[in-house]
Amino acid sequence: MNVDDVEYPKKRPGQGAMTHLHDIEARFKEIAGDDDRIDVGELQRGLDLHDADYAARVFRLIDEDKSGEISLWEFIRFARVLVEGTPEEKLRIIFNLHDLNGDGTVDFEELTHILDRSLNEHSIDVPPEKVAQLGRVLFASIDTDGSGSIDFEEFQASIDAHPSLKAQMIDRSSTWLRLPERIASDRRRRGRSFRALFGGLRRAWENERPWLILLTVTGAALIWLFERGMVREAAIGSDLPTQIAQGAAEAVKLCGVLMIVSMLRHSFTLLRRFGIARILPVDRMIDYHRVVGHTLAFLALVHVVGYIVTYESLIDPDFFTRDVVYGELFRSQVGWSGVTLATILLLIWAFARESVRRSGMFEAFYLTHRLFWAFLPLLIVHVPGFAAWIAVPGAIFLMEQGHRLIRGRKPSEIDDITPMPSNVTRLRMKRPDWLDFKPGEYVQLRIPAVSKREWHPFTVTSSPDEKDCLELHVRSVGNWTRKLNELAMRDEAARAENWRRVYLEGPYGSPSSDINDCPVPVLIGAGIGVTPFASILKTVLERSKSGNPPGEDLQRLYFIWLNRDQKAFEWFGALMAALEDLPELKGRIDIRVWLTGLKAELTSASLTVAMEVYHEAAGRDLLTGLRTRTELSRPNWNTIFSEIKARHEGAPIDVFYCGPEGLSTVLSQECARFGFGYRKENF
Ligand SMILES: Cc1cc2nc3c(=O)[nH]c(=O)nc-3n(C[C@H](O)[C@H](O)[C@H](O)COP(=O)(O)OP(=O)(O)OC[C@H]3O[C@@H](n4cnc5c(N)ncnc54)[C@H](O)[C@@H]3O)c2cc1C
């Protein structure tokens with residue numbers, strides 16, 4: 001059977017419905033495999049459900065004829081409700097999930113059972129006595145007529161009382177079956193493509209003005225140089241390929257200069273402290289370095305091809321054979337230096353690919369990039385007059401490197417290394433006298449006991465006011481960070497003798513080090529992206545405690561913390577609690593917490609309501625113990641930003657984000673829509 005044999009309800013006719021059907025069928029086949037039937041195990045794996053009991057409950061809801069297998073038709077009917085169903089139909093599914101014995105009501109045991117399974121499903125750790133307490137509070141709040149059981153109307157009323165949860169469930173219900181997200185958003189998107197396109201362009205301009213201006217100016221300068229090189233070559237009678245090759249060579253000179261400028265990290269950190277970030281996109285210097293690098297590689301290719309065409313045209317079997325032509329070339333200074341430059345550039349470019357860097361070959365990228373030290377002198381040899389172009393940026397670069405070398409030689413000492421939840425290692429070390437940093441800045445670190453040569457960047461999580469201590473939080477993601485975590489796990493006796501030795505250099509500026517200039521900063525940290533904000537918040541806390549709270553310029557600081565894993569809140573839980581409890585900061589700091597790792601909203605509805613009810617009763621959050629309630633969903637940025645905007649009418653609002661790239665795209669669009677400034681941290 002396939003979708004063309006299924007009679008699909010003609011509720012919403014048109015292309016969309018048919019596309020959905022094919023998507024649903026594809027999803028069915030993905031879960032079912034070759035036999036075109038889904039059993040419980042396949043459903044559990046397909047929906048990535050952790051709890052077998054829960055999977056069996058969901059299975060029974062879909063398997064209408066109770067045959068023990070889900071057919072394509074049953075799957076489509078269920079999926080259709082999730083995609084096209086009314087809010088009531090969707091709620092009915094959740095209610096039925098709770099109604100274990102199918103008698104049309106949910107009693108106390110059924111509710112606590114589902115709650116328990118739901119906590120297990122989402123790997124949320126709550127002691128059994130707390131689960132029972134949660135069940136009691138929740139049951140009493142839903143069973144409003146006190147009948148001892150919950151009917152559908154009572155259940156619906158309890159969800160209605162939580163509009164954000166309801167909206168989330170209705171909007172994202174297609175994701176319950178892991179159907180492609182576009183099915184859910186198709187309807188919303190239809191007919192808006194032109195508006196979306198123009199809106200997107202406007203947003204890009206508003207968010208990225210300094211960046212776009214920098215790219216435009218750079219592009220214009222390169223075109224001008226290219227043209228100048230061609231005109232000059234034409235004036236001396238060169239053929240077209242040579243003109244093009246020389247045009248490219250002229251533009252390459254500027255690229256070489258810009259490559260060096262984009263590496264002046266110390267200078268940019270200094271300039272950032274004078275507010276340069278408002279006009280120059282210093283946060284995006286790594287991106288700029290990449291763009292210029294690609295352009296340089298392309299221009300070099302044009303230059304090489306141009307000359308190959310020219311040399312090929314010189315070949316004449318009677319006078320200049322290929323061997324003669326190319327032999328002459330390779331023997332000349334311009335020839336051998338050019339060939340060596342092209343080889344080095346190819347190596348640097350090939351190993352700098354994102355796919356190489358992210359595939360555990362960061363070392364290869366790092367080492368080939370060191371060839372840069374040969375590339376620049378060779379460029380000076382190859383291109384007459386290039387030395388004058390790079391004299392100033394080259395001198396600054398050399399000074400920065402010298403400074404780095406001197407500082408990087410003096411070791412500091414690790415005082416404490418502790419494994420934290422969610423694969424994070426906390427490092428505390430003696431802070432060198434010279435390390436004068438601002439909250440939000442980062443340092444480069446080398447620990448010989450982990451790796452003799454590798455340097456890695458990490459944001460400082462302690463406050464600059466802690467004069468003796470420097471703290472970092474390191475998430476294990478690859479070789480180096482994992483080895484560091486292993487070191488933390490080992491007993492002192494099993495560690496290498498010199499394990500405490502650490503080399504530091506920096507500090508380097510980051511977008512979040514600019515928050516002091518903002519009356520309404522909104523800090524959004526996702527996962528380990530919390531680190532730049534930890535230092536900022538600690539500084540606010542320590543200064544407020546010692547009678548120096550933030551000045552009147554700061555209207556309110558918002559801190560939005562997103563984690564996929566409950567345990568991750570332990571990294572800075574004590575800091576958050578202290579901030580919440582300090583009377584001086586009442587109304588000045590607004591902390592909000594989201595646990596976003598819930599896999600299937602279908603299984604989290606009653607848990608979300610339970611958490612809200614518990615919070616109302618206890619005044620503290622069940623998971624974090626904070627006054628702020630943990631939201632078990634994904635943030636609705638429209639609601640959050642609307643509320644912030646309404647509260648600070650007329651004030652400039654700036655969002656600072658550190659976390660995965662995907663969320664950054666969403667946030668930058670939302671910020672442009674609301675007229676907020678947007679700065680993101682590049683990890
Ligand atoms: C400015 C900045 C601040 C950072 N702050 C923190 C922080 O506070 N806490 C934290 O846990 N992580 C932070 N990171 C990320 C951290 O540097 C990387 O996770 C770490 O270097 C990975 O090394 P690895 O060998 O374990 O992993 P790999 O598997 O080698 O790499 C994992 C990822 O990290 C990148 N990476 C690897 N080595 C380096 C390096 N030497 N320099 C830059 N990127 C590298 C790779 O491109 C890859 O995408 C920060 C990164 C930057 C750029």
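Here the structure is a predicted model, which means the values were calculated and not measured.

Rules used throughout
- Residues numbered from 1 in each chain as written.
- Predicted model: local features only at pLDDT ≥ 70, side-chain atom pairs only at ≥ 80, totals over all residues.
- Heavy atoms only, no water.
- Helix = DSSP H or I, 4+ residues; strand = E, 2+ residues; numbered from the N terminus.
- Contact = heavy atoms within 4.5 Å.
- Areas by Shrake-Rupley, 256 points an atom, 1.4 Å probe, with all protein chains shown as cover.
- Domains from an automatic or database assignment.
- Salt bridge = Lys/Arg side-chain N within 4 Å of Asp/Glu carboxyl O.
- 1 Å grid on protein atoms, 1.4 Å probe; cavity = no way out; pocket = protein on both sides within 12 Å on 5 of 7 lines; lining within 4 Å.
- Points joined across faces, edges and corners; volume = space filled by probe spheres on them.
- Nonpolar A, V, L, I, M, F, W, Y, C, P; charged D, E, K, R; others polar.
- Near = heavy atom within 4 Å.
- Polar contact = N/O pair within 3.5 Å; in protein donor to acceptor, adjacent residues only side chain to side chain.
- Buried < 20%, exposed > 50% of the residue type's maximum accessible area, 1.4 Å probe, protein only.
- UniProt positions renumbered as here; feature names shortened; annotations may be inferred.
- pLDDT = per-residue confidence, 0-100.
- Core = buried A, V, L, I, M, F, W, Y, C linked by side-chain atoms within 4.5 Å.
- Phe/Tyr/Trp six-rings, centres within 6.5 Å; stacked < 30°, edge-to-face > 60°.
- Lys NZ or Arg CZ within 6 Å of the ring centre and 35° of its normal.

S.K.: Any chance you could explain the overall build of the protein chain here in plain terms?
M.R.: Along its length, the protein chain carries 27 helices and 14 strands. Pairs at least 24 residues apart make up 71% of the contacts formed inside the protein chain by residues separated by at least 6 positions. When the accessible area of the protein chain is evaluated, it comes to approximately 32,400 Å², of which 57% is carbon and sulfur surface.

S.K.: Explain the domain arrangement of the protein chain here, please?
M.R.: Many structure descriptions define interface size as the accessible area lost when the parts assemble. For the protein chain, the assigned domains read domain 1 (3–186), domain 2 (200–400), domain 3 (410–509) and domain 4 (512–596 + 634–680). A separation of 25 Å is found between the C-alpha centroids of domain 3 and domain 4. In this complex, domain 3 contributes 21 residues to the contact, which on the side of domain 4 involves 17 residues. The interface formed by domain 3 and domain 4 holds two salt bridges in total. With a shortest N-O distance of 2.6 Å, E471 and K538 are connected by a salt bridge.

S.K.: Just to check I follow, could you spell out the layout of surface pockets for this structure?
M.R.: Unoccupied space between atoms shows up once a probe the size of one water molecule is rolled over them. In this structure, the second largest pocket spans a volume of roughly 990 Å³. Around the second largest pocket, the lining is made up of 35 residues, and of these A300, H303, V304, G338 and H382 lie nearest the centre. Counting only elements with at least two residues in the lining of the second largest pocket, the list comes to helix 13 (240–261), helix 15 (285–314), helix 16 (322–331), helix 17 (333–351) and helix 20 (372–382). Examining the composition of the lining of the second largest pocket, we find that 11 residues originate from one element, helix 15, more than from any other. Residue composition of the lining of the second largest pocket, by class: 25 nonpolar, seven polar and three charged.

S.K.: Where do I start with the site of the ligand in this structure?
M.R.: In the vicinity of the ligand, 21 residues are found, and the nearest of them are R358, W455, H456, R475 and T481. Separating a nitrogen atom of the ligand from a backbone N or O atom of W455 is a distance of 2.8 Å. One of the side-chain nitrogen or oxygen atoms of T481 is found 2.5 Å away from an oxygen atom of the ligand. Broken down by secondary-structure element, the contributors of at least two residues to the shell around the ligand are strand 6 (456–459), strand 7 (469–475) and helix 22 (479–489). At four residues, strand 6 tops the list of elements feeding residues into the shell around the ligand. When we break the shell around the ligand down by domain, the ones giving at least three residues each are domain 2 (200–400) and domain 3 (410–509).

S.K.: I'm lost on the pattern of salt bridges in this one. Help?
M.R.: The final tally for this structure, using the stated rule, is 29 salt bridges. Between K29 and D36 there is a salt bridge, with its nearest N and O atoms 3.7 Å apart. Take D36: its relative accessible area is 27%, and that puts it in the partly exposed class. One continuous salt-bridge network, built from bridges that share partners, spans R556, D590, R592, E643 and R647.

S.K.: I tried to follow the UniProt feature "transmembrane region" (unreviewed entry) in the protein chain on my own but got confused; where do I start?
M.R.: Under the local residue numbering, the UniProt record ascribes the feature "transmembrane region" (unreviewed entry) to residues 211–231, 251–271, 291–314, 334–352 and 372–399. The span residues 211–231 is 100% helix and 0% strand, and its two end C-alpha atoms sit 30 Å from each other.

S.K.: Sorry if this is basic, but what is going on with the environment of W336 here?
M.R.: Considering the arrangement of structural elements, one finds W336 in helix 17. Owing to a relative accessible area of 39%, W336 belongs among the partly exposed residues under this scheme. Measuring from C-alpha to C-alpha, the distance between W336 and H382 comes to 8.7 Å, with 46 residues separating the pair along the chain. Not counting residues within four places of it along the chain, the set of residues in contact with W336 comprises L329, F330, R331, L378 and V381.

S.K.: Just to check I follow, could you spell out the UniProt feature "domain: FAD-binding FR-type" (unreviewed entry) in the protein chain for this structure?
M.R.: Per the UniProt entry, the sites bearing "domain: FAD-binding FR-type" (unreviewed entry) are residues 407–514 in this numbering. End C-alpha atoms of residues 407–514 are separated by 25 Å, and the span's content is 13% helix alongside 38% strand.

S.K.: When you look at the confidence of the model for the protein chain in this model, what are you seeing that I'm missing?
M.R.: Do not read the predicted coordinates in detail wherever pLDDT is low. A residue-level look at the protein chain finds 89% of positions with pLDDT of 70 or above and a mean pLDDT of 83. Within the protein chain, the lowest mean pLDDT, 47, falls on helix 10 (residues 181–189), and the highest, 95, falls on strand 4 (residues 424–430). Counting interchain partners and residues more than four positions distant, the pLDDT-below-50 stretch residues 1–16 has 31 contacts. Note on residues 183–191: pLDDT is under 50 here. Beyond four places in sequence and across chains, it has 14 contacts. Listed scores for the predicted complex are pTM 0.75 and ipTM 0.94.

S.K.: I keep staring at the nonpolar core and nothing clicks. Help me out?
M.R.: One broad trend across soluble globular proteins is that nonpolar side chains are buried collectively. Counting 60 residues, the largest nonpolar core has F559, W571, M576 and L579 as the members making the most contacts within it. Shared between two domains, this core takes at least three residues from each, and those domains are domain 1 (3–186) and domain 4 (512–596 + 634–680). Setting aside its immediate chain neighbours within four residues, L579 contacts L537, L541, L585, I589 and I591. Grouped together as the second largest cluster of nonpolar side chains are 38 residues, L214, F226, A300 and I348 included.

S.K.: Got a minute to help me understand the packing of aromatic side chains in this structure?
M.R.: Counted by the stated rule, this structure contains 19 aromatic pairs. Plain terms: the ring middles of F108 and F139 are 5.8 Å apart, the flat faces sit at 90 degrees to each other, and that makes the pair edge-to-face. Taken as a pair, F108 in helix 6 (residues 108–121) and F139 in helix 7 (residues 128–142) lie far apart in primary sequence, 31 residues in all. F108 sits in the partly exposed class, given a relative accessible area of 27%. Judged by relative accessible area, which is 10%, F139 ranks as buried. Relative to W373, the ring of F372 lies with its centre 5.8 Å away and its plane at 70 degrees, an arrangement referred to as edge-to-face. Grouping aromatic residues by their ring pairs yields a cluster made of F533, F559, W561, F569 and F572. Across the ring face of F152, the terminal group of R92 is positioned such that the distance to the ring centre comes to 3.8 Å. Against the face of Y508 rests R265, its NZ or CZ located 4.5 Å from the ring centre.

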